[in-house]
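Below are the chains, spelled out letter by letter.
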Amino acid sequence: MKLFTAEQIRALDRYTIEHEPIASIDLMERAAQAFTDWFVQHYPASRPVAIFCGMGNNGGDGLAIARLLQAQRYTVQCFVMKLKAQGSDDFETNLQRLQELTTVTLLERAEQLPVALPDDALLIDALFGSGLDRPVEGFPAQLIQFLNRTKLPTVAVDIASGLFADRPNGSGDVIVKPEATFSFQFPKLAFLLPGNAQYVGEWYVGDIGLHPEVIQQTETSWFYTDAAAARALLQPRTRFSHKGNFGRALLIAGSYGKIGAAVLSAHACLRAGAGLTSALIPQCGYKIMQTALPEVMVMTAGSNKKIVSDFPPLGAYDAIGVGPGLGKDFKTAKALGGLIEKMISPMVIDADAINLTAENQAWLAKLPRQSIFTPHPKEFERLVGPVANDYERLARAKEFAQRYQCVIVLKGAYTAVVLWNGEVHFNTTGNPGMAKGGSGDALTGILTALLAQEYDSATAAKLGVYLHGAAGDLAAQHNGMIAMTATDLIEQLGHAFEQLNHA
Ligand SMILES: NC(=O)C1=CN([C@@H]2O[C@H](COP(=O)(O)OP(=O)(O)OC[C@H]3O[C@@H](n4cnc5c(N)ncnc54)[C@H](OP(=O)(O)O)[C@@H]3O)[C@@H](O)[C@H]2O)[C@H](O)CC1
Ligand SMILES: [K+]
């Protein structure tokens with residue numbers, strides 16, 4: 001699914017108004033109706049509602065929502081933050097429509113705050129939407145601070161007031177903190193960035209019928225992978241396949257005390273459908289791996305029993321994943337440098353293999369094209385240096401992916417798959433229960449398995465990250481977010497594949 005900037009969304013609105021055709025006031029009514037339908041499903045009419053409106057189209061939506069909720073028998077108080085004499089045309093029309101039915105309170109000065117609100121009130125924030133073009137200051141900032149201080153459950157219309165849809169906010173910016181955001185047609189880029197979590201809450205998207213033709217034609221480099229998008233990436237396994245078709249995968253992983261990381265990644269590789277899974281691990285892990293996973297073929301390498309070094313020739317493998325629990329011994333580093341130089345097919349590079357690459361940047365130029373890096377934010381900064389915010393992190397990942405023709409999987413709440421062609425695909429599956437040791441090892445195994453099955457790197461990364469999150473969601477359902485482990489996640493992979501097959 002595509003994501004657009006605020007400016008692109010404005011252009012999509014205009015095109016829809018002209019070509020559907022639909023009057024702009026009717027498009028606003030459609031948006032307000034979509035919000036209201038959703039709101040009625042989520043919040044009971046027994047709770048009083050207080051709606052705070054600005055004077056642009058976001059405020060216009062708020063006024064229309066006030067009218068529609070009143071028709072659904074909600075008790076509604078409506079406030080307009082009056083910053084200027086005249087609002088947008090559609091705002092003015094909706095103000096008139098509402099004032100024919102009820103009184104609207106104008107808020108113009110700080111002295112009018114605090115506003116008295118019932119203890120069980122639900123707040124709707126329609127002060128600013130995607131038209132916000134500067135940080136909020138003065139009276140509007142005081143009003144937002146007041147709303148936040150009430151701690152009453154707040155729902156944002158389209159986007160929390162004060163939050164920029166597609167560019168960074170300053171650290172001191174005043175922004176509404178909603179428990180939920182109901183957005184029109186598309187999630188905003190800002191919703192997918194970890195630093196904005198408290199300014200988004202749960203987000204929902206309502207279809208308001210923007211013109212499908214123009215959505216299809218409008219180019220973007222931002223996407224998100226939902227079930228439909230992931231489903232389209234899945235290759236059918238034919239009945240004539242035998243283990244040779246599904247590729248030979250190799251994990252190079254583990255060091256003394258971290259053999260578990262090797263076991264987890266190999267386990268996930270098996271469950272993600274690799275035909276033959278092998279592991280190259282230190283001698284100290286031999287029995288552990290053979291016992292834990294009889295399906296895995298095990299090799300050990302190097303005279304030091306605690307680490308892997310001196311890799312044997314590895315040309316027989318279709319895909320190699322390297323890094324989980326590997327450690328950073330200089331002998332391991334030397335072997336990894338040699339491997340990177342020889343390999344021609346894409347590799348998955350995780351954990352200590354990322355850290356070692358960060359310390360040996362000359363390897364980057366020799367890296368097999370379309371290799372996949374899977375850094376968490378700290379590992380990413382080791383690779384590229386410090387970054388100031390989520391937007392800069394994405395920009396740097398794009399630059400890096402383009403320069404080295406690789407894929408960067410930026411792990412986080414909405415893991416971002418950044419491709420060498422500049423595209424960014426945000427994942428939509430997963431949950432906080434996955435923020436635990438072992439989750440990343442599982443992802444490396446999954447990605448290596450998909451590469452071995454001849455998925456290209458971009459597809460493997462998007463699909464693998466989706467499945468990893470979907471399996472995590474199933475593990476959370478069965479074991480709870482607190483108790484779930486990486487092994488639970490791996491054991492749900494089969495169900496995650498099935499679920500996707502039937503999506
Ligand atoms: N397809 C859709 O998504 C639809 C969306 N709708 C809704 O429309 C808004 C966007 O409406 P818009 O009128 O463009 O913008 P806002 O309502 O967000 O803001 C209006 C004006 O507010 C002023 N502004 C901006 N920043 C600040 C600030 N920091 N402090 C004070 N004032 C500010 C600015 O006007 P100025 O004259 O003061 O410069 C803005 O123009 C979208 O979010 C949806 O809710 C439609 O209803 C239907 C389709
Ligand atoms: K808003």
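Just so we're clear, the structure is a prediction, and the values are computed from it rather than from any experiment.

1. Concerning the site of ligand 1
Line of reasoning, step 1. Of all residues adjacent to ligand 1, which total 30 residues, the nearest are Gly-56, Asn-57, Asn-58, Gly-129 and Gly-131.
Line of reasoning, step 2. Top element by residues in the shell around ligand 1 is helix α3 (residues 57-71). It accounts for five residues.
Line of reasoning, step 3. Each residue belonging to the shell around ligand 1 can be placed in one class, and the counts come to 14 nonpolar, eleven polar and five charged.

2. Details of the sheet that holds strand β6 (residues 180-184)
Line of reasoning, step 1. Across the sheet, seven strands lie side by side as β3-β2-β1-β4-β5-β6-β7; this open sheet has parallel pairing. Each edge of the open sheet carries a strand with a single partner, namely β3 (104-107) and β7 (202-206). The average undirected angle you get between the axes of adjacent strands in this sheet is 20°.
Line of reasoning, step 2. Pairing of strand β4 (residues 122-126) with strand β5 (residues 154-157) involves three bridges; the strand directions are parallel. Bridge assignment links Asp-125 to a residue of β5, and that residue is Ala-156.
Line of reasoning, step 3. Helix-sheet contacts for helix α2 (residues 24-42) involve β5, β6 and β7, and the interaxial angle to β7 is about 130°.

3. Overview of the domain arrangement of the protein chain
Line of reasoning, step 1. Under the domain assignment used here, the protein chain contains domain 1 (21-218) and domain 2 (230-501).
Line of reasoning, step 2. Between the C-alpha centres of domain 1 and domain 2 the distance comes to 42 Å.
Line of reasoning, step 3. Contacts between the two partners involve seven residues from domain 1, matched on the other side by seven residues from domain 2.
Line of reasoning, step 4. Partitioning the side of domain 1 that touches domain 2 into residue classes produces five nonpolar, one polar and one charged.

4. Observations concerning the sheet that holds strand β15 (residues 407-410)
Line of reasoning, step 1. One open sheet accounts for ten strands, arranged β8-β17-β16-β15-β14-β13-β12-β9-β10-β11; its pairing is mixed. The open sheet has two edge strands, β8 (222-225) and β11 (297-300), and neither has a second partner.
Line of reasoning, step 2. Two strands pair when backbone bridges link them, and β8 and strand β17 (residues 424-427) are joined in this way by four bridges, in the parallel orientation. What sits directly across from Trp-222, in β17, is Val-424.

5. Observations concerning the UniProt feature "binding site: K(+)" (unreviewed entry) in the protein chain
Line of reasoning, step 1. UniProt's feature table lists "binding site: K(+)" (unreviewed entry) at Asn-58, Asp-125 and Ser-161, given in the numbering used throughout. On the basis of their most widely separated C-alpha atoms, the annotated residues across 104 residues gather in one place, lying no more than 9.3 Å apart.
Line of reasoning, step 2. Looking at where Asn-58 falls in the secondary structure, it is placed in helix α3.
Line of reasoning, step 3. For Asn-58, the contacting residues outside a window of four places in its chain are Ala-126, Leu-127, Phe-128, Gly-129, Gly-131, Val-157 and Asp-158.
Line of reasoning, step 4. Considering the arrangement of structural elements, one finds Asp-125 in strand β4.

6. A closer look at the pairing of strand β12 (residues 319-322)
Line of reasoning, step 1. Residues Ala-319 and Gly-321 point to one face of β12 and Ile-320 and Val-322 to the other, with burial holding for every one of them.
Line of reasoning, step 2. Examined bridge by bridge, strand β9 (residues 248-252) and β12 share four bridges and lie parallel to one another. In the sheet register, Ala-249 faces β12, and the bridge partner there is Ala-319.
Line of reasoning, step 3. Examined bridge by bridge, β12 and strand β13 (residues 347-349) share three bridges and lie parallel to one another. The partner of Gly-321 across the bridge, within β13, is Val-348.
Line of reasoning, step 4. Between β12 and its parallel partner β13, the chain crosses via helix α10 (residues 330-342), and the hand of that crossover is right-handed.

7. Focus: the packing of α3 against helix α4 (residues 89-99)
Line of reasoning, step 1. Interaxial distance between α3 and α4 falls to 8 Å at its minimum, and their mutual angle equals 20°. In terms of their interaxial angle, α3 and α4 are classed as roughly parallel. The interaxial crossing formed by α3 with α4 has left-handed handedness. For the pair formed by α3 and α4, the contact residues are Asn-57, Gly-59, Gly-60, Leu-63, Ala-64, Ala-66 and Arg-67 on the first element and Asp-90, Phe-91, Asn-94, Leu-95, Arg-97 and Leu-98 on the second.

Cut-offs used in this document
- Residues numbered from 1 in each chain as written.
- Chains lettered and ligands numbered in written order.
- Predicted model: local features only at pLDDT ≥ 70, side-chain atom pairs only at ≥ 80, totals over all residues.
- Near = placed C-beta within 6 Å.
- Helix = DSSP H or I, 4+ residues; strand = E, 2+ residues; numbered from the N terminus.
- Nonpolar A, V, L, I, M, F, W, Y, C, P; charged D, E, K, R; others polar.
- Pairing = 2+ DSSP bridges.
- Axes fitted to C-alpha atoms, helices over the stretch in contact; angles between N-to-C directions.
- Contact = placed C-beta atoms within 7 Å.
- Domains from an automatic or database assignment.
- UniProt positions renumbered as here; feature names shortened; annotations may be inferred.
- Buried ≥ 20, exposed ≤ 12 C-beta atoms within 10 Å, placed from the backbone.
- Right-handed = clockwise from strand over helix to strand, strands pointing away.
- Parallel < 35°, antiparallel > 145°, perpendicular 65-115°, else oblique.
- Left-handed = near helix turned anticlockwise from the far one by under 90°.

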